[in-house]
Amino acid sequence: MEMTEMTGVSLKRGSIAVEDNDIAAPVEEAKRQKVSECCLTKGQDGLENNSLPSSEKMPGSPEVAGAGEDKKNSDVQTEGEEEEEAESFADMMKHGLTELDVGITKFVSSHQGFSGILKERYSDFIVHEIGKDGRISHLNDLSVPVDKEDPSKDVLTLLTDEEKQRLEELQLFKNKETSVAIEVIEDTKEKRTIIHQGIKSLFPGLETKTEDREGKKYIVAYHAAGKKALANPRKHSWPKSRGSYCHFVLYKENKDTMDAINLLSKYLRVKPNIFSYMGTKDKRAITVQEIAVLKITAQRLAHLNKCLMNFKLGNFSYQKKPLKLGELQGNHFTVVLRNITGTDDQVQQAMNSLKEIGFINYYGMQRFGTTAVPTYQVGRAILQNSWTEVMDLILKPRSGAEKGYLVKCREEWAKTKDPAAALRKLPVKRCVEGQLLRGLSKYGMKNIVSAFGIIPRNNRLMYIHSYQSYVWNNMVSKRIEEYGLKPVPGDLVLKGATATYIEEEDVNNYSIHDVVMPLPGFDIIYPKHKISEAYREMLTADNLDIDNMRHKIRDYSLSGAYRKIIIRPQNVSWEVVAYDDPKIPLFNTDVDNLEGKPPPVFASEGKYRALKMDFSLPPSTYATMAIREVLKMDTSIKKQTQLNTTWLR
């Protein structure tokens, strides 16, 4: 096997910007997720994301400028605004990171690189989750399982056609009524219960209550959304014979998993934490994954298919247990690279190499942020216990992809060092900068540790994980430069969960695909060759003690982990297709198949050529890096925005 370095490669057209096993968002076609008017009125379609809507957003996509603002009114952006935003984003990204900055320097294949455009349309990138049983999740059944929880036929006869119409119009905000009152004729508690449950099942946008009016009983239906406290899972009877969790397949377009969960929870009037899933999926793609929700019926969930655009829910089943993060086996990707320049031979060589050898398992660019202040620098300062530097790195002005209000906030901070004044410049307080400023206002400038602690734990740890990833990328490049693509004595392999050394006499029993490299921490071992000293030198240069990775604050102690240095994708297949219209879809989605759409027909010759790739990857690997190996191109946003052309405009 040959190993090449990232030098002298011709970099032409491209627009790659990708994500952790779920690939991320480039700059063009920054279309906003839209929902129909049937479930929310204008001004109610906004959801604040619980993740970090800021320049430091991790580990997800380096979103286009504007991705971090409050989602309210995000649907009213015009095409002209999108184009202007993309151009300003490209200008800002001149200050971003390149692959070289984060240790991504090597290739394992020897073929000549070529160019192609990834995600010219978000529908050019489809992710199907692979469950713990090895099955690939597909949306192929919209039917609802019938059981005792479904509204009885009685409720359909108890409600008049006029009442059902008024309730539907209320649910869809099609009139000015704030509630609909239904008189209960021949009042009994049993009859009221049937009507209550029936309305909630038939019209999931509504809540109900019983009222006495002039001696008569009325069931009043109204919208519960907007109240301070979201409803708990339904307290009415849930059959004991049925599992407590409704599992379903979620198909979504151009929306990340947490945004999708927040949206579903808002429509269902429940807390987001009653949903569970095995892995997060990226925004700028079509993704299909399994979701579980506590004590919400399939019928209520299926009704959302009428309310939401670019979402589909199906393949419903009731199960006893929720889903857990990390239970998935990985993800299957279907990717189209449009307008490729490679010859058929180049494509064949590149894809055969990907199939037979694989790619270097680098952490992708979005692990490190999108501005001139990389997230790994913040992580390093945390590990150094340099809290003033942590504060400064997060809040100081910087070049890069920033919204105007963040720029003003940073300027105010640099000028006054007044957290309250800087916070007033932020319309969105839940970004990492806003949370840190709120903490500084509460605890004071002399207690930065507590102020930083206001940021959600997972988001704080992402900074440290970014530093680990930075070290790992650099060390794996050194390892490949020093020893190539073969195992050598002193390398590490895993036996179960335990790392052991390859001894001289055992070298022939292993391949490069067995070799792992450590992420630095207190509970790992390092290779027994030159790379061990390289780890020590790198951490010493960063004023860290490789022999003592425990932090004074337990949350920030690094235990370490192991990661394979080469990943060989599974289920690899590909074809080159010709097409004339750059906007046509080049393969069918699950929804296309459900709707019976015929697959696209390709011309024998066309104006453009595209490479359609299928492959499966394990969790925590970056599809970006597989595509990088095929194209031999820098996948950083900085490079891609410089290289992107206007060939489609």
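Per an unreviewed UniProt entry, the protein is named Pseudouridylate synthase 7 homolog, and its organism is Sus scrofa. Regarding the protein, the relevant UniProt record gives this comment under Subunit (unreviewed entry): "Interacts with SIRT1."

### Quick notes on the overall build of the protein
Across its full length, the protein carries 18 helices and 20 strands. For the protein, buried positions account for 56% of its 649 residues. Across the protein, every contact between residues at least 6 apart in sequence was considered, and the portion connecting residues at least 24 apart equals 80%. Accessible area of the protein: about 28,300 Å², with a carbon and sulfur share of 47%.

### Focus on the packing of helix H9 (residues 387-395) against helix H12 (residues 432-443)
Two elements in contact, H9 and H12, have axes separated by 10 Å at closest approach and are oriented at 135°. Comparing their axes, H12 and H9 come out oblique. Every pair of crossing elements has a handedness; the one defined by H9 and H12 is left-handed. In this structure, H9 uses Met391, Ile394 and Leu395 to contact H12, whose residues at the interface are Glu433, Leu436, Leu437 and Leu440. Counted by class, the contact of H9 with H12 contains six nonpolar, no polar and one charged residues.

### Brief notes about the pairing of strand E6 (residues 207-213)
Two elements, E6 and strand E7 (residues 216-222), share seven bridges in a ladder whose sense is antiparallel. Within E7, the residue paired with Glu211 across the bridge is Tyr218. Between the antiparallel neighbours E6 and E7 lie two residues, among them Glu214 with a positive phi of about 50°.

### Overview of the packing of helix H8 (residues 375-383) against helix H14 (residues 457-483)
The geometry of a pair of packed helices is captured by two quantities: the angle between their axes and the separation between those axes. In the contact formed by H8 and H14, the axes pass within 7 Å of each other and the chain directions differ by 105°. Comparing the axis directions of H8 and H14 gives the class roughly perpendicular. Where H8 approaches H14, its residues Thr375, Tyr376, Val378, Gly379, Arg380, Ile382 and Leu383 are matched on the opposing element by Arg460, Tyr463, Ile464, Ser466, Tyr467 and Tyr470. Looking at the contact of H8 with H14, its residues break down into eight nonpolar, three polar and two charged.

### Description of helix H7 (residues 344-356)
Between its first and last C-alpha atoms H7 spans 18 Å; for 13 residues at 1.5 Å apiece the expected length is 18 Å, and the two agree. Along H7, the residues that are buried comprise Gln346, Val347, Ala350, Met351, Ser353 and Leu354. For H7, the angular spread of buried residues about the axis comes to 155°, placing them on one side. Relative to its buried face, H7 has exposed residues pointing more than 90 degrees away, namely Asp344, Asp345 and Glu356.

### Digging into the environment of Leu494
You can see Leu494 is positioned in strand E14 (residues 492-495). Expressed as a C-alpha distance, the spacing of Leu494 and Arg563, which sit 69 residues apart in the sequence, is 9.5 Å. Those residues in contact with Leu494 that sit more than four places away from it in its chain are Ala499, Asp514, Val516 and Tyr562.

### Topic: the packing of aromatic side chains
Within a pair of aromatic rings, the relevant descriptors are the distance that separates the centres and the angle that separates the planes. One pass over the full model with this rule turns up 14 aromatic pairs. Ring geometry for Phe368 and Tyr376: centres 6.3 Å apart, planes at 80°, overall edge-to-face. In this structure, Phe368 and Tyr376 share a single accessibility class: buried. Plain terms: the ring middles of Trp387 and Phe452 are 5.5 Å apart, the flat faces sit at 55° to each other, and that makes the pair tilted. Of this pair, Trp387 sits in helix H9 while Phe452 sits in helix H13 (residues 448-452), and the two are 65 residues apart along the sequence.

### Some thoughts on the pattern of salt bridges
This structure, assessed with the given rule, holds 22 salt bridges. Here Arg410 and Glu433 are joined by a salt bridge, their closest N and O atoms 2.7 Å apart. In this pair, Arg410 sits in helix H10 (residues 404-416) while Glu433 sits in helix H12, placing the two residues 23 residues apart along the sequence. Just as Arg410 is buried, Glu433 falls in that class too. When the shortest N-O distance is used, the salt bridge between Lys612 and Asp614 registers 3.2 Å. Taking the relative accessible area as the measure of exposure, Asp614 reaches 12% and is therefore buried.

### A word on the sheet that holds E14
Spatially, the four strands line up as an open sheet ordered E15-E14-E16-E17, and their pairing is antiparallel. Each edge of the sheet is formed by a strand with only one pairing partner; in this case those strands are strand E15 (498-501) and strand E17 (561-564). Here the strands of the sheet are splayed against their neighbours by 55° on average, with no regard to which way each runs. The pairing of strand E16 (residues 515-519) with E17 spans four bridges and is classified as antiparallel. Bridge pairing in E17 links Pro518 to Tyr562. In this fold H14 packs onto E16 and E17, with an angle of close to 140° to the strand it touches most, E16.

### Concerning the pairing of strand E8 (residues 245-253)
Where burial is concerned, most of E8 is hidden: nine out of the nine residues are buried. Going residue by residue along E8, you find Tyr245, His247, Val249, Tyr251 and Glu253 tucked away on one face and Cys246, Phe248, Leu250 and Lys252 tucked away on the opposite face as well. Two elements, E8 and strand E10 (residues 286-294), share nine bridges in a ladder whose sense is antiparallel. Paired with Val249 across the strands is Glu290, a residue of E10.

### Some thoughts on the sheet that holds strand E5 (residues 179-183)
Strand order in the open sheet formed by three strands is E5-E7-E6, with antiparallel pairing between adjacent strands. Two strands lie at the open edges of the sheet, namely E5 and E6, each paired on one side alone. Strand-to-strand twist of the sheet, defined as the mean angle between neighbouring strand axes without regard to direction, takes the value 30°. Bridge count between E5 and E7: five bridges; the pairing is antiparallel. In the strand pairing of E7, Ile182 is matched with Ile219. Of the strands in this sheet, E5 and E7 touch helix H3 (residues 161-171), which is tilted by about 160° from E5.

### As for H14
Relative to the 39 Å expected for 27 residues at 1.5 Å per residue, H14 spans 38 Å between its end C-alpha atoms, a close match to the ideal helical length. By the largest-angle criterion, Tyr463 marks the main kink of H14, which is about 25°. Burial analysis of H14 places 19 of its 27 residues in the buried class, the great majority of the element. In the stretch just after H14, Gly484 is the one whose phi turns positive, near 75°.

### Describing the environment of Lys164
Inspection of the secondary structure puts Lys164 in helix H3. The class for Lys164 is partly exposed, based on a relative accessible area of 23%. Between the alpha carbons of Lys164 and Ile199 there is a distance of 9.0 Å; along the sequence they are 35 residues apart.

Basis of the calculations
- Residues numbered from 1 in each chain as written.
- Predicted model: local features only at pLDDT ≥ 70, side-chain atom pairs only at ≥ 80, totals over all residues.
- Heavy atoms only, no water.
- UniProt positions renumbered as here; feature names shortened; annotations may be inferred.
- Helix = DSSP H or I, 4+ residues; strand = E, 2+ residues; numbered from the N terminus.
- Buried < 20%, exposed > 50% of the residue type's maximum accessible area, 1.4 Å probe, protein only.
- Contact = heavy atoms within 4.5 Å.
- Areas by Shrake-Rupley, 256 points an atom, 1.4 Å probe, with all protein chains shown as cover.
- Axes fitted to C-alpha atoms, helices over the stretch in contact; angles between N-to-C directions.
- Parallel < 35°, antiparallel > 145°, perpendicular 65-115°, else oblique.
- Left-handed = near helix turned anticlockwise from the far one by under 90°.
- Nonpolar A, V, L, I, M, F, W, Y, C, P; charged D, E, K, R; others polar.
- Pairing = 2+ DSSP bridges.
- Expected span 1.5 Å × (residues − 1).
- Arc of directions from axis to C-beta.
- Phe/Tyr/Trp six-rings, centres within 6.5 Å; stacked < 30°, edge-to-face > 60°.
- Salt bridge = Lys/Arg side-chain N within 4 Å of Asp/Glu carboxyl O.
- Bend = angle between axes of the 7 residues up to and from the residue.

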